[in-house]
Structure formats: structure tokens, C-alpha cells
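So the chains spell out like this:
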Amino acid sequence: MLISHSAGLAAEAMALALGIAGQDAPVAAAGGTADNGLGTSFDRVEAAVRSVDQGHGVVLIPDLGSSVLTARLLEVEERVVVADVPFVEGVIAPEAAACSASSLAEVLEAAEESRAFRKL
């Protein structure tokens, strides 16, 4: 589940994840404020979490600042967890893990491995 200050950035990152992991990948995005400005809407994020939760837990991937704070407010031990990972790289590996019916811990671990991805 992607959380961004920008609705456009969240939507494009989700499109990338779906393009790589497949259109059935369990991913949602929430970005921007209720009036479509830059920022983080708690209500949008909460609704997106509910929409993607299939009963196995949800990994939240925020971009920065208030999206991190909002994600932390929604954490529920062993149900909704925040991944401290790069926004773009951090979504690809966990989507693949989530599609293979991995546990929440395995999906979080896959996301956290993205911190070590090197580009060169």
C-alpha cells in the first residue's frame, strides 16, 4: 500500500507495481489531500488500507514526512505495518511476495531488502 503526498505519484507508483507484478497484485495507493492538494489525507489512506486488506495484513510504504506519520497512526501489530524503504524500489519486491501468498513478515522482509538495492 503506497502513501504519497501526491495523488499522481502514488497512482504512477501503483501502475508500475501492477505492470511488474501483474494486474491482480494486491496494491492500493493513497496520495494528496481531500481537496486534491499536496499532503496526506488520513481518510484516503485508511480507505486504501481497507480496500487492499485481504485478511493477511498490509504493508504500508510511505514517501516522506506526514505520510510516514499517517502510516504510523494506522499501524496495528501483526496486521498493518510500515516499511522503512525507498518509495519506488520498496514496492516491487513486496508485491511479488504478496502475489505468492507469503506471510506479512515475508512481504515486509522483501520490502526491506530494497534498501540495499544498488543501481550500479
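Quick look at the structure, then. (Residues numbered from 1 in each chain as written. Predicted model: local features only at pLDDT ≥ 70, side-chain atom pairs only at ≥ 80, totals over all residues. Heavy atoms only, no water.)

**Observations regarding the nonpolar core**
Consideration 1: Counting 17 residues, the largest nonpolar core has Leu 2, Val 59, Ile 61 and Ala 83 as the members making the most contacts within it.
Consideration 2: Contributing elements (two or more residues each) for this core: α1 (7-21), β3 (58-62) and α5 (104-112).
Consideration 3: A per-element tally of this core places α5 first, with four residues.
Consideration 4: Those residues in contact with Ile 61 that sit more than four places away from it in its chain are Met 1, Leu 2, Ile 3, Ala 83, Val 85, Pro 86, Phe 87, Gly 90, Val 91 and Pro 94.
Consideration 5: Formed by 14 residues, the second largest nonpolar core is a distinct cluster that contains Ala 28, Ala 30, Val 49 and Leu 60. (Core = buried A, V, L, I, M, F, W, Y, C linked by side-chain atoms within 4.5 Å. Buried < 20%, exposed > 50% of the residue type's maximum accessible area, 1.4 Å probe, protein only. Helix = DSSP H or I, 4+ residues; strand = E, 2+ residues; numbered from the N terminus. Contact = heavy atoms within 4.5 Å.)

**Some thoughts on the pairing of β3**
Consideration 1: For β3, the buried fraction is high: five of the five residues fall into the buried class.
Consideration 2: Where burial is concerned, the two faces of β3 agree: the one with Val 58, Leu 60 and Pro 62 and the one with Val 59 and Ile 61 are both buried.
Consideration 3: Sheet analysis places strand β1 (residues 2-4) next to β3, joined by two bridges and oriented parallel. Its bridge partner lying in β3, Ile 3 is registered against Pro 62.
Consideration 4: Sheet analysis places β3 next to strand β4 (residues 80-82), joined by three bridges and oriented parallel. The residue of β4 that forms the bridge with Leu 60 is Val 82.
Consideration 5: Tracing the backbone out of β3, into helix α3 (residues 66-74) and back to the parallel element β4 gives a crossover that is right-handed. (Pairing = 2+ DSSP bridges. Right-handed = clockwise from strand over helix to strand, strands pointing away.)

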